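Residue-level structure breakdown
Residue-level listing of the chains:
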Amino acid sequence: MIHQALAHDSAALHVSGEARYVDDLPEPPGTLYAAFGMSTETHARILALDLAPVRAAEGVVAVLTAADIPGANNIGPVVADEPALATNLVQFRGQPLFAVAATRVELARRAARLARVEYERLDPVVTIEQALEANQFVLPSVRCERGSVASLPGAANRIRGRLRCGAQEHFYLEGQVALAIPGEGGEMLVHSSTQHPSEIQHLVAAALGVPDAAVTVELRRLGGAFGGKETQAAVYAVGAALLARATRRPVKMRADRDDDMVGTGKRHDFLYQYDVGFDRTGRIEALDLTLASRCGLSVDLSGAVNDRAVFHCDNAYFLQNVRIVSHRCRTHTVSGTAFRGFGGPQGMFAAEAVVAAIARHLGIDALDVRKRNLYGPAPRDVTHYGMTLKDNVLPELIDELEARSEYRRRREAVKAFNASSPFFKRGLALTPVKFGIAYTAQAMNQGGALVHLYTDGSVHLNHGGTEMGQGLMIKVAQIVAAELQVDLERIQVSATSTGKVPNTSPTAASSGTDINGEAARDACRTLKQRLVRHCAETYKARPDEVVFLPNQVAIGAAKTLTFTQLVREAYLARVPLSATGYWRTPEIQFDRERWRGTPFYYFAYGAAVSEVAVDVLTGESRLLRADLLHDAGRSLNPAIDRGQIEGGFIQGMGWLTMEEVVWDDQGRLLTHAPSTYKIPVASDCPPVFNVWLWEKGENVRDVAHRSKAVGEPPLMLALSVFQAIADAVGATAGSREPVPLEAPATPENILKAIHELHRNPGR
Amino acid sequence: MKAALDFLLNGERVSLAEENPSRTLLTWLREARGLVGTKEGCAEGDCGACSVVLSDVGPGGKLRYQPVNACILCIGALEGKEVITVEGLKKGDRLHAVQQAMVDCHGSQCGFCTPGFVMALYAHCKSGAPPELSDAIAGNLCRCTGYRPILQAGKRARELADWQQEAAEDAARAKRIVALPKETTRVKGFFSPLSVAEFARYLLEHPKASVLAGGTDAGLWITKEHRQLDDIVYIGRVAELGKIEETPRQLEIGAAVTYAEAYEALERIHPHIGELLRRLGAVQVRAVGTLAGNIANGSPIGDSMPVLLALDATLTLQKGEAAREARLARFYTGYRKSVLLPGEFVRSIRVPKLAPGARFAAYKLSKRFDQDISSVCAAFHVEGNKARFGFGGMAATPARARQAEAAYAAKGIEAACTALVEDFSPISDPRASAWYRLRAAQALLRKFHAGASSRALLDMAP
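Summarised in this report is the structure supplied together with it. (Residues numbered from 1 in each chain as written. Chains lettered and ligands numbered in written order. Predicted model: local features only at pLDDT ≥ 70, side-chain atom pairs only at ≥ 80, totals over all residues.)

**Re the overall build of chain B**
When its secondary structure is counted, chain B shows 16 helices and 20 strands. Taking 2.2 N^0.38 as the reference for a compact globule, 462 residues should give roughly 23 Å; the C-alpha atoms of chain B span a radius of gyration of 22 Å, in line with that estimate. Its C-alpha atoms give chain B principal-axis dimensions of about 70 × 60 × 40 Å. Across the 462 residues of chain B, 58% fall into the buried class. (Helix = DSSP H or I, 4+ residues; strand = E, 2+ residues; numbered from the N terminus. Rg over C-alpha atoms; globule rule 2.2 N^0.38 Å. Buried ≥ 20, exposed ≤ 12 C-beta atoms within 10 Å, placed from the backbone.)

**A closer look at the sheet that holds strand 16 (residues 344-352) of chain B**
Residues and elements named next belong to chain B. The strand order 10-11-16-12-13 describes an open sheet built from 5 strands, whose pairing is antiparallel. The sheet is open, and its two edges are formed by strand 10 (244-246) and strand 13 (322-327), each paired on a single side. Here the average twist between neighbouring strands, direction ignored, is 20°. In this structure, strand 12 (residues 314-319) lies alongside strand 16, joined through 6 bridges in antiparallel fashion. Bridge pairing in strand 16 links Gln 318 to Phe 345. The strands that helix 9 (residues 259-269) touches are strand 10, strand 11 (250-254) and strand 16; relative to strand 10, the one it contacts most, it runs at about 25°. (Pairing = 2+ DSSP bridges. Axes fitted to C-alpha atoms, helices over the stretch in contact; angles between N-to-C directions. Contact = placed C-beta atoms within 7 Å.)

**Quick look at the interface of chain B and chain A**
One frequent convention defines the size of an interface as the accessible area lost when the parts assemble. Taken together, the contacts link 63 residues of chain B with 68 residues of chain A. Those elements that provide at least two residues to the side of chain B that touches chain A are helix 2 (97-104), helix 3 (114-126), helix 5 (148-160) and helix 16 (434-450) of chain B. Its residues assigned to classes, the side of chain B that touches chain A shows 34 nonpolar, 15 polar and 14 charged. (Nonpolar A, V, L, I, M, F, W, Y, C, P; charged D, E, K, R; others polar.)

**Here we look at the pairing of strand 17 (residues 446-453) of chain A**
Residue and element names in this part refer to chain A. Counting buried positions over the 8 residues of strand 17 gives 6, a clear majority of the element. Of the pairings in the sheet, the one linking strand 17 to strand 24 (residues 578-584) comprises 7 bridges and is antiparallel in character. Across the sheet, His 452 pairs through a bridge with Ser 578, a residue of strand 24. Pairing between strand 17 and strand 18 (residues 459-463): 5 bridges, direction antiparallel. Directly across from Leu 450, in strand 18, lies its bridge partner Asn 462. Count of turn residues in the strand 17/strand 18 antiparallel hairpin: 5 residues, of which Gly 457 carries a positive phi of about 85°.

**Quick word on the sheet that holds strand 19 (residues 491-493) of chain A**
Residues and elements named next belong to chain A. The strand order across the open sheet built from 4 strands is 19-18-17-24, with neighbouring strands paired in mixed fashion. Strands with a single pairing partner mark the edges of an open sheet, and in this sheet they are strand 19 and strand 24. Each adjacent strand pair in this sheet contributes to an overall mean axis angle of 25°, direction not counted.

**Some details on helix 10 (residues 366-373) of chain A**
Of all 8 residues in helix 10 of chain A, 6 are buried, a share of seventy percent or more. Looking only at helix 10 of chain A, the buried set comprises Ala366(A), Leu367(A), Val369(A), Arg370(A), Arg372(A) and Asn373(A).

**Section: the pairing of strand 11 (residues 215-219) of chain A**
All names here are of chain A. Judged by how many residues are buried, strand 11 sits mostly within the fold: 5 of 5 residues are covered. Across 4 bridges, the pairing between strand 10 (residues 188-192) and strand 11 is parallel. When the sheet's bridge partners are listed, Leu 189 is paired in strand 11 with Thr 216. As for the winding sense of the linkage, the β-α-β connection from strand 10 through helix 5 (residues 197-208) to strand 11 is right-handed. Here strand 11 runs beside strand 20 (residues 496-497); their pairing, made up of 2 bridges, is antiparallel. Considered in strand 20, the bridge of Glu 218 is made with Ser 497. (Right-handed = clockwise from strand over helix to strand, strands pointing away.)

**Here we look at the environment of Arg173(B)**
All names here are of chain B. Tracing the backbone through its elements, the reader meets Arg 173 in helix 6 (residues 163-178). For the pair Arg 173 and Asp 56, spaced 117 residues apart in the sequence, the C-alpha separation amounts to 8.8 Å. Those residues in contact with Arg 173 that sit more than four places away from it in its chain are Ser 55, Leu 63 and Glu 82.

**Focus: the nonpolar core**
All names here are of chain A. Membership of the largest hydrophobic core comes to 401 residues, with the highest contact counts inside it found for Ala 34, Val 100, Val 204, Ala 240, Ala 241, Val 480 and Ile 725. Among the elements that take part in this core, helix 9 (residues 344-362) stands out by supplying 11 residues, more than any other. Apart from residues lying up to four places away in sequence, Ala 34 is in contact with Ala 99, Val 100, Ala 101, Ala 108, Gly 239, Ala 240, Leu 243, Val 251, Lys 252 and Met 253. (Core = buried A, V, L, I, M, F, W, Y, C linked by C-beta atoms within 7 Å.)

**Some points on the packing of helix 9 of chain A against helix 10 of chain A**
All names here are of chain A. Contact geometry for helix 9 and helix 10: axes closest at 8 Å, N-to-C directions at 120°. If you check the angle between helix 9 and helix 10, you find them oblique. Where helix 9 crosses over helix 10, the two elements pack in a sense that is right-handed. Together, Val 355, Ala 356, Ile 358 and Ala 359 of helix 9 and Ala 366, Val 369, Arg 370 and Asn 373 of helix 10 make up the contact between the two elements. Tallied by class, the residues present in the contact of helix 9 with helix 10 amount to 6 nonpolar, 1 polar and 1 charged. (Parallel < 35°, antiparallel > 145°, perpendicular 65-115°, else oblique. Left-handed = near helix turned anticlockwise from the far one by under 90°.)

**What to know about the environment of Val142(A)**
Residue and element names in this part refer to chain A. Along the polypeptide, Val 142 turns up in strand 7 (residues 137-146). Separated by 182 residues in the primary sequence, Val 142 and Ile 324 have C-alpha atoms spaced 8.0 Å apart. Leave out the neighbours within four places in its chain, and Val 142 touches Asn 306, Asp 307, Val 310 and Ser 326.

**Focus: the environment of Lys229(A)**
All names here are of chain A. Take Lys 229: it is sitting in the loop between strand 11 and helix 6 (234-247). The exposure class of Lys 229 is buried, given the 34 C-beta atoms found within 10 Å. Each C-alpha atom of the pair Lys 229 and Cys 165 lies 22 Å from the other, and the pair is 64 residues apart in sequence. Excluding residues within four positions of it along the chain, Lys 229 makes contact with Tyr 172, Ser 193, Thr 194, Gln 195 and Leu 222.

**Some remarks on the packing of helix 2 of chain B against helix 3 of chain B**
Residues and elements named next belong to chain B. Orientation of helix 2 relative to helix 3, taken along the N-to-C sense of each, is 125°, at an axis distance of 9 Å. The orientation of helix 2 relative to helix 3 falls into the category oblique. Note that helix 2 runs across helix 3; the crossing there is right-handed. Taking contact as the criterion, the partners of Val 98, Gln 99 and Met 102 in helix 2 are, on helix 3, Thr 114, Val 118, Leu 121, Tyr 122 and Cys 125. The residue inventory of the contact of helix 2 with helix 3, partitioned by class, reads 6 nonpolar, 2 polar and no charged.

See below:
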């Protein structure tokens, strides 16, 4: 079953509506429904909070403020700097001020709007520029240098530019939700739609003022997450748990979509400045790059996200002389958070724009400039943070994609089209992806599992990973089935619970299968060792004579038992049939002081070619064709992996084209519903969409049967869409200046870029 | 007059006397019936996670299947129909062809949007002459798959379907639906008449009542503004309002006619109108939303309005038994304000057809092609030396560009583009800036002048 295109384990439940999400669980009698009262100011002191109208409203059972929290008023995961309920200071519009529980959800939501709040308005810092100006940062800036950029002022070929990419709303289809059920003696069971049950457990316990062990967090599946339920699920779980404790009744808190979009963090938007020097062939000689991101009111995961942007602003290119400075700006907006790619896409965005600018400046096809700058043999195989690439397959992979997609022929066709078409222009781009696999927070690189064998031969599988649609459960089940040599049907996938596997890492950083699959495999090996020992002792055989075959075990040449018989025998012989398993990622280390080390276990690679058309009059654009070639190693499950590649690509395309997060100058989020925030729909899927898993792919690391992590990397294949649009925009003018296109490439931003190119012809 | 809501749910007869008719179908299914397969994604009719299928017997006795957004549909609007939810598709342990196709094609990942897609595809599968698959699921958002496998599943489902069994089910369903009681209903503050006379009388007596047709806007008053609607009159069962009368020179579209029902007739006026309607909402919205509702609501962003302005549509307004005509161009007096008097309602819309030799075009600009609200929407009509340009997104209400019209007829395209700046000072909002709106409006006028297709980019070959 390894390397087979099997259906998602819950597919039949999904299509029949029988798959249960947190909001679908049967509610215990007496369940209350909760809502937050949210700030209507962006930055303000709370002078008075009159909750009498809220308490008096129909159906209201309890109202809590920060003062009612018995333990820690904090949802900050890394730094305790973000209150669950604001105390006297409001730091973004939509920040929870108080929590209401009522007998019906609409009554809670209605009541939550009735508070009388007296604010003293303070000036908000909303934009990156304002924060830079005011020196407002959530963390100290980071600098990573290699070689020297001193040569830049005198460089023969030099471009200086400014870039911007937008934020992105996760838009998981299942909104944030938690159901807290109080138990006896201070215990609390929380069903939470989260990627990080352990963190929810810790934050809930701290808020309640009880030991971690008194809190159990459980979930079977999430209705999408994409990073948006790593830290952002906490406030809802904490709110529900606090109200459950106060009322001694179960409390469910489910965010309305608008409140969810206003109240939860997004992908960081970035502002960049670059200064690049290069030779006549387009090879980069020196790059001076400054990144600045909007981090919102608190640290949240901004440290690691921005670090990853620094790690990935080379994308696939060797930067001999480089200086990168990364600013983490504090703003009065909701905290920026994890989002598929976790800063990686924003780092690569800059690399691809710089390479495209060089190509345009020199009048060379951008693909040739890209190839010229790829990592290669020593000494061009060491990243700017000092990690030696041992698995760089990009030169070969790109050549293959170039041929398969007929890039050169189509380049000529695009040129011919553009020469004769004044109102529509086509654009073409091939962009690579190199994405580092491992959490950059070193301690997180560990996984745990728990496997039970029952006497009927069925297998209960549990591990610390969460299922959010990525197919983690089926992949780990495949690994377990292969290890035990039993049919997949015997393996019962079970809900993730902090009571079964403790101290887990978030299911994030694309690492779910690697760390949980290997942990489950470890548990299976422990069980097998016990079974082998039992066979050896009972049947007087050598351990190496005990061989696991499909659904049976051969002991020497003469004796064969079915798997079920063996388990039953082992039980009677009092062999323990439950085992934990554990895995930690080897060989990673990083020195943050020097910004040098080996932060990643391996790299995932891919490349994509996109062809677009742009309407020069209106700025509308359309993706006509995409060719994706992605290295998922020896894919554990090609059907699941293909789903990740296609889905990631379209999600990345959304970020770079139509998805626009808009805050006004007062810090109001204007795009807080799907009516104003548009994610791709079916017709945005390109009419020609070729997706290939790279057949030669094989992980150099012995992990997960030499497959590769695939959750995040394909998102960045969508940089080809943006670069193709920029290419088409560039075709409207003959100048050599960089195409001034900002992301997302909405019709307006495209038209603006065309307009600017024409305003400065020939500069 | 009866005092209960009568409809069918997955084949079962339901009669509700105590339930609030303005309750949404979604909360009723999930909370009252425990049918939690239907999901809430946005509670505003934009994501399709709550899609269920409504089946009814349409004009001409044809059994219809239409997907709708349960999150913004009041249960009062279900009378005379059967609601089919995702729980109603499986036969014993056997998945329906649509469900099996979704499994076979790996069409689900997180699975949360999946029941909605299954129902949209089911309606598409059952509806006979189909629109494009991507149109059939344009109202359903999926954040995981990128849609390719779902589109494939839509094709596969038709191969897997047991058409004989489907036909047998259709026959049984039609019989059940026809057997539902046909009487005026009054439940609490909810009134659902069968005739215009009853409706007109009721509205005279209850001038503050909310008139409910498709409820694609009113549903949000409930889910987002938490308003309690105590006095509602529902016009979806008034047969006289559900008609389209066609003469050689015009269409007269009744107030209860849905976008889906009006589509064909309007598309025949000009293909650009069809394309505009294709991009208006999505199947779920067009299945219940009405042209009249869009007009009576006075929303500044109604995409049908520029077309109606350019064609110089007129409205028949009725109060009690008295009717009067009003030109659409004179209907609005301000943001969400109109000439409608208390107790008066829009009875029908008269849409003139194009005269021979008349030139017409309609364009829509938005961040996303399908199911998005326009940043700018424009329709152009020129007959002889008389021009009528209708614009949406350029002012507080959809409006004519009278100076540009005059300039176009007198001085030509460049003068008209310049004059647009005099006609409009649009606002900047999250959809577009004032700068873009003006520039784009000029671009659309140029497109019309050049005779450009409204589908040029969409039809471009890969």
